[in-house]
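These are the residues of each chain, in order.
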Amino acid sequence: MTGQIKLTGMVLVSMPVGDYDRRLTIVTKERGKISAFAKGSRKPTSPLLGCSQPFSFGEFTLYEGKSSYNVVSADISNYFAELRNDVESIYYAMYFCEFTCYMTKENLEAGEPLKLLYMTLRALSKPSLHKKLVRRIFELRFLAVNGEMPQVENCVLCGREEMLNAPKGWFSPSEGGICCEECRRKRMQEPERDGVWISTSTIYTMQYILATPLEKLFTFAVSEEVLAELTGALEQFLAKHVGHKMKSEEMLEIF
Ligand SMILES: [Zn+2]
């Protein structure tokens, strides 16, 4: 089927092609991740110049050919211009786009990932929010959107809940969440054990990130200790369950 369609989305990647064109990767609400050519968009007078920049969000009118899309026009409602004045914000935004690109699929609607990405880029321009926390909130919530999140409500092995009365819990990526003391001890005897101790505050923070409405997701702060534990737990979990190092991740290490 060929013809014109309108899709709501955000540009994740913009690659120059030939002398004047760009190839865009766009995450769209209706069709997930797509590739689209923005022909002539590298000419300074092109009407597609603005819409072919990374982070441009809006409604794209596309011509759907047999094997690819071509951008006809775009109605951009947010360019996230405020991020471009701050190097740290740009690098974080690039990481969030690369993560989204890796985790979304073609022809599978992506309304929730798109909304999460949009809210996360907005959160980057809030000076009160620690960007390292914004990153961990984004990653954990993205796993939830994809149905790959850790179990942090009760013991992932036996279902016991009273463990939350203990000051710390054992978070095991290979088991898929937190384990009670009894299960942890049994597990410790196995050769390929993994995991990290996290405090009850960190467990509650994870529960909050997984359960709260998107609009309220970026409205809290945590202590340095909780941020460090959240970071350690998520790094292990992502290594185990995503298993892919994003290229833009390296740039974040300088902040
Ligand atoms: Zn248990």
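Residues numbered from 1 in each chain as written. Predicted model: local features only at pLDDT ≥ 70, side-chain atom pairs only at ≥ 80, totals over all residues.

Structural notes on the overall build of the protein
For step 1, the next point in the chain: Counting its regular elements, the protein contains seven helices and eight strands.
For step 2, the next point in the chain: Taken along its principal axes, the extent of the C-alpha atoms in the protein is 65 × 40 × 30 Å.
For step 3, the next point in the chain: Burial statistics for the protein: of 255 residues in total, 36% are counted as buried. (Helix = DSSP H or I, 4+ residues; strand = E, 2+ residues; numbered from the N terminus. Buried ≥ 20, exposed ≤ 12 C-beta atoms within 10 Å, placed from the backbone.)

Let's talk about the domain arrangement of the protein
Interfaces are often sized by the amount of accessible area the parts lose when they come together.
For step 1, the next point in the chain: We note that the domain assignment places domain 1 (1–79) and domain 2 (83–255) within the protein.
For step 2, the next point in the chain: When each unit is reduced to the centre of its C-alpha atoms, the spacing between domain 1 and domain 2 is 30 Å.
For step 3, the next point in the chain: Of all the secondary structure elements, the ones that give two or more residues to the side of domain 1 that touches domain 2 are β1 (3–17), β2 (21–28) and β3 (32–38).
For step 4, the next point in the chain: It is β1 that provides the largest number of residues to the side of domain 1 that touches domain 2, a total of four residues. (Domains from an automatic or database assignment.)

Considering the sheet that holds β3
For step 1, the next point in the chain: With mixed pairing, five strands are arranged side by side around a closed barrel as β1-β2-β3-β5-β4. When strand polarity is set aside, the average angle formed by the axes of neighbouring strands in this sheet is 50°.
For step 2, the next point in the chain: The strands touched by helix α1 (residues 87–103) are β1, β2 and β3; relative to β1, the strand with the most contacts, the crossing angle is about 120°.
For step 3, the next point in the chain: Strand contacts of helix α2 (residues 111–124): β1, β2 and β4 (57–64), with the helix running at about 55° to β1, the strand carrying the most contacts. (Pairing = 2+ DSSP bridges. Axes fitted to C-alpha atoms, helices over the stretch in contact; angles between N-to-C directions. Contact = placed C-beta atoms within 7 Å.)

Re the sheet that holds strand β6 (residues 168–172)
Strand pairing in a sheet is mediated by backbone hydrogen bonds. Such pairs are either parallel or antiparallel.
For step 1, the next point in the chain: Pairing in this open sheet of three strands is antiparallel, and the strands run β7-β6-β8 from one edge to the other. Whereas interior strands pair on both sides, the edge strands pair on one side only; in this sheet they are β7 (177–179) and β8 (196–199). Taken over all neighbouring pairs, the strand axes of this sheet differ in orientation by 45° on average, direction set aside.
For step 2, the next point in the chain: Judged from the four bridges that link them, β6 and β8 form a sheet pairing that is antiparallel.

Some points on unusual backbone geometry
Peptide bonds are mostly trans, and most non-glycine residues show a negative phi.
For step 1, the next point in the chain: Within the chain, Phe-55 stands out as a residue other than glycine whose phi angle is a positive 80°.
For step 2, the next point in the chain: For Phe-55, the position within the fold is in the loop between β3 and β4.
For step 3, the next point in the chain: Of note, Asn-107 is a non-glycine position whose phi angle comes to about 60°, a positive value.
For step 4, the next point in the chain: Inspection of the secondary structure puts Asn-107 in the loop between α1 and α2.

Concerning the packing of α1 against helix α3 (residues 131–145)
How two helices pack is summed up by the angle between their axes together with the distance between the axes.
For step 1, the next point in the chain: Interaxial distance between α1 and α3 falls to 11 Å at its minimum, and their mutual angle equals 10°. Considered as vectors, α1 and α3 are oriented roughly parallel to each other. Within the contact between the two elements, α1 uses Glu-88, Tyr-92, Phe-96, Phe-99 and Met-103 and α3 uses Lys-131, Arg-135, Phe-138 and Phe-142. (Parallel < 35°, antiparallel > 145°, perpendicular 65-115°, else oblique.)

Considerations on α3
For step 1, the next point in the chain: Taking 1.5 Å as the rise per residue, α3 with 15 residues should run 21 Å; its terminal C-alpha atoms sit 21 Å apart, in good agreement.
For step 2, the next point in the chain: For α3, the complete set of buried residues consists of Leu-133, Val-134, Arg-135, Arg-136, Ile-137, Phe-138, Glu-139, Leu-140, Arg-141, Phe-142 and Leu-143.
For step 3, the next point in the chain: Buried-residue contacts for α3 involve α1, α2, α5 (200–211) and α6 (224–241). (Expected span 1.5 Å × (residues − 1).)

Looking at the pairing of β4
Regular strands show a simple pattern: their side chains alternate between the two faces of the sheet.
For step 1, the next point in the chain: Bridge count for β1 against β4 is eight bridges, and the pairing is antiparallel. Paired with Ile-5 across the bridge in β4 is Leu-62.
For step 2, the next point in the chain: Relative to strand β5 (residues 69–78), β4 runs antiparallel, the two sharing eight bridges. Paired with Tyr-63 across the two strands is Asn-70, which belongs to β5.
For step 3, the next point in the chain: Taken together, β4 and the strand that follows it, β5, pair antiparallel across an intervening segment of four residues.

Quick notes on the environment of Ala-93
For step 1, the next point in the chain: By secondary structure assignment, the location of Ala-93 is in helix α1.
For step 2, the next point in the chain: The exposure class of Ala-93 is buried, given the 22 C-beta atoms found within 10 Å.
For step 3, the next point in the chain: Sequence-wise, Ala-93 and Leu-121 are 28 residues apart; in three dimensions their C-alpha atoms are separated by 6.3 Å.
For step 4, the next point in the chain: Discounting residues that sit within four places of it in the chain, Ala-93 has contacts with Phe-55, Phe-80, Leu-83, Leu-121 and Leu-124.

Points about the nonpolar core
For step 1, the next point in the chain: Ranked by size, the top nonpolar core spans 64 residues in total, and within it Met-10, Ile-26, Ala-36, Val-71, Ala-93 and Phe-96 carry the most contacts.
For step 2, the next point in the chain: With eight residues, α1 is the single largest residue contributor to this core.
For step 3, the next point in the chain: Shared between two domains, this core takes at least three residues from each, and those domains are domain 1 (1–79) and domain 2 (83–255). (Core = buried A, V, L, I, M, F, W, Y, C linked by C-beta atoms within 7 Å.)

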